[in-house]
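# Remarks on the overall topology
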Amino acid sequence: MMQQNGGFTLLEVTIAAALILIVSALGLVAIQSSARAVELNQALANIQQDARGAMLALSREVEFAVKPAPTGYSLPPNVEGIRTVQGGNGVVFQVPTNREGTSFSQPITVSFDEENQRLEREQAGAVRVLGSANTIEFAEFDLRDDDSVLRITMTVARPIASPTGQMSRFTLQTDVYLMN
C-alpha cells in the first residue's frame, strides 16, 4: 500500500506565492494612492486658507472705502474715491477714521507684486504683506456696479512636495460691497 504525503506540490506553492505577491502589490498601490490623495487635499486646504485669509483681511478694510462722488457731487477736500491702478493690479482708497465721517485716512494702496507673488498694502510709506508671502500667482481688482462693488479675483498656487513638482492652485473671487 502506498503512503500519501501531506505536503504541497511545487506548483501549488508557486501559485500561492504569486497570488500573495499580486495582492500585496495591489495593496501597496492602494496605500500609495491614498497617501497621495491626502497630500493633495492637505496642500489644497493650505492654499485655500492662505487665499481666504488674505481676501478676508482685504475685504474688511476695503468695504469701508470711500466711493467716488456721483456726478454733480464732490467729496470732502483731500479725499479721493476708490479707484483701480496698474491696469487692475492694484486699488487705492481712503477710509473714514471717525464715526461722523469727517476725518479720513491717508490713501491706502493695495497692489499685486507679481515679482514676489504677494499682495502688498502701502500707506504713508509703510508696506506690509497681506496673506502668506510668495503664494499669490494672480490678483485683479475691478470696480463694478457704478463703483459700488469691488470685485477681487485672486489665484493662489503652491508646489506640492512630490517627485513630479506638481502645483496646487486655487482661485477665489469676492465681490466687496462698499459701505461709504
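This is a predicted model, so every value here is computed, not measured.

Turning our attention to the sheet that holds strand 1 (residues 83-85). In spatial order, the strands read 1-2-3-4-5; together these 5 strands make up an open sheet with antiparallel pairing. Edge strands, defined here as strands with exactly one partner in the open sheet, are strand 1 and strand 5 (126-130). The sheet shows a mean angle of 25 degrees between the axes of neighbouring strands, direction not considered. In this sheet, strand 4 (residues 118-123) lies alongside strand 3 (residues 108-113) in antiparallel orientation, the contact comprising 6 bridges. Bridge pairing in strand 4 places Val110 opposite Arg121. Its contacts with the sheet put helix 1 (residues 10-62) on strand 2 (90-93), strand 3, strand 4 and strand 5, and the angle it makes with strand 5 is roughly 130 degrees.

This part covers unusual backbone geometry. Located in the positive-phi region is Gln86, a residue other than glycine, with phi close to 55 degrees. Looking at the element boundaries, Gln86 is found in the loop between strand 1 and strand 2.

Thresholds applied
- Residues numbered from 1 in each chain as written.
- Predicted model: local features only at pLDDT ≥ 70, side-chain atom pairs only at ≥ 80, totals over all residues.
- Heavy atoms only, no water.
- Pairing = 2+ DSSP bridges.
- Helix = DSSP H or I, 4+ residues; strand = E, 2+ residues; numbered from the N terminus.
- Axes fitted to C-alpha atoms, helices over the stretch in contact; angles between N-to-C directions.
- Contact = heavy atoms within 4.5 Å.

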